[in-house]
Amino acid sequence: MTGNLFVDSLVSLAAIALMVGLARLFFPASGETVTQARAAERLAFDEPDFRPVRWLIDGEGRAALAEGEAGDLALVSRLGLDLVTRRFPAGAMRADAAEGKLVIRPGDPGSRKVALASDDAALWARKFSPTGAK
Amino acid sequence: MEFPDIIAFAVPAFLVLVIAELVLVRLTRRGRYEARDSAASLIMGFGSELAPLLGGATVVLAVFTAAYEFRLMTIPNVWWAVLLCFVLDDLRYYWWHRISHERRWFWASHVVHHSSQHYNLTTALRQTWTGQILAAILFKTPLVFLGFHPAMVAFVGAVNLLYQFWIHTELINRMGPFEWVFNTPSHHRVHHATNPRYLDANYAGTLIIWDRMFGTFIEEDRAEKPRYGIIKNLGTFNPLVISFHEWLGILRDVLKAKSLKEVAGYTFGPPGWSPDGSRMTSAMIKERWRRMQGEDAPSDAAPDHHATQPAE
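In this text the structure is predicted, and so the values were computed from the model without any measurement. (Residues numbered from 1 in each chain as written. Chains lettered and ligands numbered in written order. Predicted model: local features only at pLDDT ≥ 70, side-chain atom pairs only at ≥ 80, totals over all residues. Heavy atoms only, no water.)

Chemist: Looking at this model, I keep getting lost on the overall build of chain B. Mind explaining?
Modeler: Scanning chain B for helices and strands turns up 14 helices and 0 strands. Its helices and strands taken in sequence order, chain B reads α-α-α-α-α-α-α-α-α-α-α-α-α-α from the N to the C terminus. Against the compact-globule benchmark of 20 Å for 312 residues, chain B has a radius of gyration of 20 Å, which places it among compact chains. Along the three orthogonal principal directions, the C-alpha set of chain B runs to about 55 × 55 × 40 Å. When each of the 312 residues of chain B is scored for burial, the buried share is 54%. A separation of at least 24 residues holds for 73% of the contacts in chain B among residues at least 6 apart in sequence. Accessible surface computed for chain B: about 13,600 Å², of which carbon and sulfur atoms make up 68%. (Helix = DSSP H or I, 4+ residues; strand = E, 2+ residues; numbered from the N terminus. Rg over C-alpha atoms; globule rule 2.2 N^0.38 Å. Buried < 20%, exposed > 50% of the residue type's maximum accessible area, 1.4 Å probe, protein only. Contact = heavy atoms within 4.5 Å. Areas by Shrake-Rupley, 256 points an atom, 1.4 Å probe, with all protein chains shown as cover.)

Set out below in structure tokens:
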């Protein structure tokens, strides 16, 4: 490179823009949705001892929430082409119902808020204790 | 002997190779790309080059200079010394890398590199913004103190890093006898995998012989495709979260610790350690997997043994 930090940085940023642009061009976002089957497959890998008995699937395909045999919960949400799971012991998940959506805040530094649109959002929200996610 | 700044020369090659991989993956469908994931990886790589300029590089230079002043012997700058230095540096890399998976303080920096669920050449550039300085001081200074010139130590370290770029791909399958000695895409796919079978394995930089020697080698199984990422995958592409989430996790745990022992465990214990065992270390995950496979599991799941990725 040139040895000039400013110029080198600009060149690097231009190269990054080129690579990301090509990645976007060659691999456009597929718009895959989270289905119960996809979420169950991911859960079986990430949390093999979790046994889902009830599901709440986001109407917009962004996430799925499963209740386990022991009252524990598993959240499966979409990140790009992939899925991300978080498991909560019984009574340890923070969630609220607002405007027909169940809003879940996993509470760990690597997560973000997830909203599940469903007619059953309020019903599910009542299940959760406000003690905070682990 | 002059030691060129090969990383600077390599940047155009990175660009060409990433574009070549993009085209080949598109044509062959062997591998995956996601623009936002690649953007995050590349921004992390860009930041990792800038981060040492905040002062850390000067500190490392000062430590190296002092160590060289008090060196045990003077090793000449000749070809065999470069080769010897490279092999010793690769051994140094193996232990640094292994500790980076086994101790949460070091994992907090290294987790960045594993935080993508994709495995392609941009993943190679997903590097940490933190931890480089301490790693250099702790693990490279002994080579300087031994008598290798700091420029030579920096050069072989750069060669090692460059070698590791091309192995981050799903395009290349198996490589025959080359795999007996050298780290390859297949070996490194295992290292990036979260499948319980593959955890805690293949820490090598260039030479896979260290894993074979120290019992951490696992071969890629054609029947079990690696699934990449970390045990508790990130829910965002935000580079700031990628960079600092584990440090924040340590801080949060330390603040709620009830004793100094817990502080030490949360900070320097294996990733996933917790005082009550409510979280899972990689050893516990492997143990669970063996149990569920119905295998005769050896009792190596003690909370302080060979843990790798956080499973809090």
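Chemist: I'm lost on the overall build of chain A in this one. Help?
Modeler: When helices and strands are tallied, chain A shows 3 helices and 7 strands. Each helix and strand of chain A, placed in order from N terminus to C terminus, yields the pattern α-α-β-β-β-β-β-β-β-α. A compact globule built from 134 residues should have a C-alpha radius of gyration of about 14 Å, whereas chain A, at 19 Å, is more than 25% larger. Buried positions account for 46% of the 134 residues belonging to chain A.

Chemist: Honestly, the sheet that holds strand S2 (residues 63-68) of chain A in this entry has me stumped. Any pointers?
Modeler: Within a sheet, neighbouring strands are paired by backbone hydrogen bonds and run either parallel or antiparallel to one another. All names here are of chain A. Pairing is antiparallel across the open sheet formed by 4 strands, whose spatial order is S1-S2-S3-S4. Two strands close off the open sheet at either side, each with one partner strand: strand S1 (52-57) and strand S4 (82-88). Between one strand axis and the next, the sheet turns through 20° on average, direction left out of account. Relative to strand S3 (residues 73-79), S2 runs antiparallel, the two being bridged by 5 bridges. Within S3, the position partnered with Ala63 by the bridge is Ser77. Seen against the sheet, helix H2 (residues 36-46) touches S1, S2, S3 and S4 and runs at an angle of roughly 65° to S4. (Pairing = 2+ DSSP bridges. Axes fitted to C-alpha atoms, helices over the stretch in contact; angles between N-to-C directions.)

Chemist: For this particular structure, what's the right way to read the packing of helix H4 (residues 79-102) of chain B against helix H7 (residues 132-146) of chain B?
Modeler: Pairs of packed helices are described in terms of their axes, by the angle between the two and the distance that separates them. Residues and elements named next belong to chain B. Put simply, H4 and H7 touch, their axes get as near as 10 Å, and they point 155° apart. Taken together, H4 and H7 sit at an angle that is classed as roughly antiparallel. Note on packing geometry: the crossing formed by H4 with H7 is right-handed. Packed against H4, whose contacting residues are Leu88, Asp89, Arg92, Trp95, Trp96 and Ile99, the element H7 presents Ala135, Phe139, Lys140, Leu143 and Leu146 at the interface. Each residue belonging to the contact of H4 with H7 can be placed in one class, and the counts come to 8 nonpolar, no polar and 3 charged. (Parallel < 35°, antiparallel > 145°, perpendicular 65-115°, else oblique. Left-handed = near helix turned anticlockwise from the far one by under 90°. Nonpolar A, V, L, I, M, F, W, Y, C, P; charged D, E, K, R; others polar.)

Chemist: Before we go on, may I ask you to explain unusual backbone geometry in this structure?
Modeler: Peptide bonds are mostly trans, and most non-glycine residues show a negative phi. Residue and element names in this part refer to chain B. One non-glycine residue with positive phi stands out, namely Arg29, at about 60°. Structurally, Arg29 can be placed in the loop between helix H1 (6-28) and helix H2 (35-50). Owing to a relative accessible area of 70%, Arg29 belongs among the exposed residues under this scheme. Backbone geometry at Asp200 places phi at a positive 60°, although glycine is not the residue there. By secondary structure assignment, the location of Asp200 is in the loop between helix H10 (185-192) and helix H11 (209-214).

Chemist: I'm lost on the environment of Pro150 of chain B in this one. Help?
Modeler: Residue and element names in this part refer to chain B. Among the structural elements, Pro150 can be located in helix H8 (residues 150-165). Owing to a relative accessible area of 15%, Pro150 belongs among the buried residues under this scheme. Between the alpha carbons of Pro150 and Leu54 there is a distance of 20 Å; along the sequence they are 96 residues apart. When neighbours within four sequence positions are excluded, Pro150 is seen to be in contact with Phe64, Tyr68 and Val144.

Chemist: What is the right way to look at the interface of chain B and chain A in this model?
Modeler: Accessible area lost when the parts come together is the quantity often used to give the size of an interface. Counting residues at the interface gives 41 residues for chain B, matched by 36 residues for chain A. Buried surface at the junction of chain B and chain A, summed over both partners, amounts to about 3,700 Å²; 66% is from carbon and sulfur atoms. In this assembly, chain B and chain A are joined by 3 salt bridges. Remark: the boundary between chain B and chain A carries 12 residue pairs in polar contact (both at pLDDT 80 or more). Of all the secondary structure elements, the ones that give two or more residues to the side of chain B that touches chain A are H1, H2, helix H12 (239-255) and helix H14 (282-293) of chain B. Top contributing element to the side of chain B that touches chain A by residue count: H1 of chain B, with 9 residues. Looking at the side of chain B that touches chain A residue by residue, the class counts come to 21 nonpolar, 11 polar and 9 charged. (Buried area = accessible area lost by both parts, 1.4 Å probe. Salt bridge = Lys/Arg side-chain N within 4 Å of Asp/Glu carboxyl O. Polar contact = N/O pair within 3.5 Å; in protein donor to acceptor, adjacent residues only side chain to side chain.)

Chemist: What is the right way to read the pattern of salt bridges from this model?
Modeler: Pairing between side chains of opposite charge can happen when the charged atoms of each approach one another. All names here are of chain B. In this structure the tally under the stated criterion is 26 salt bridges over all chains. Of the charged contacts in the structure, one is a salt bridge between Asp89 and Arg92, with a shortest N-O distance of 2.9 Å. With Asp89 and Arg92 both in helix H4, this residue pair falls 3 residues apart, about one helical turn. The partner of Lys256 in a salt bridge is Asp253, and the shortest N-O contact between them spans 3.8 Å.

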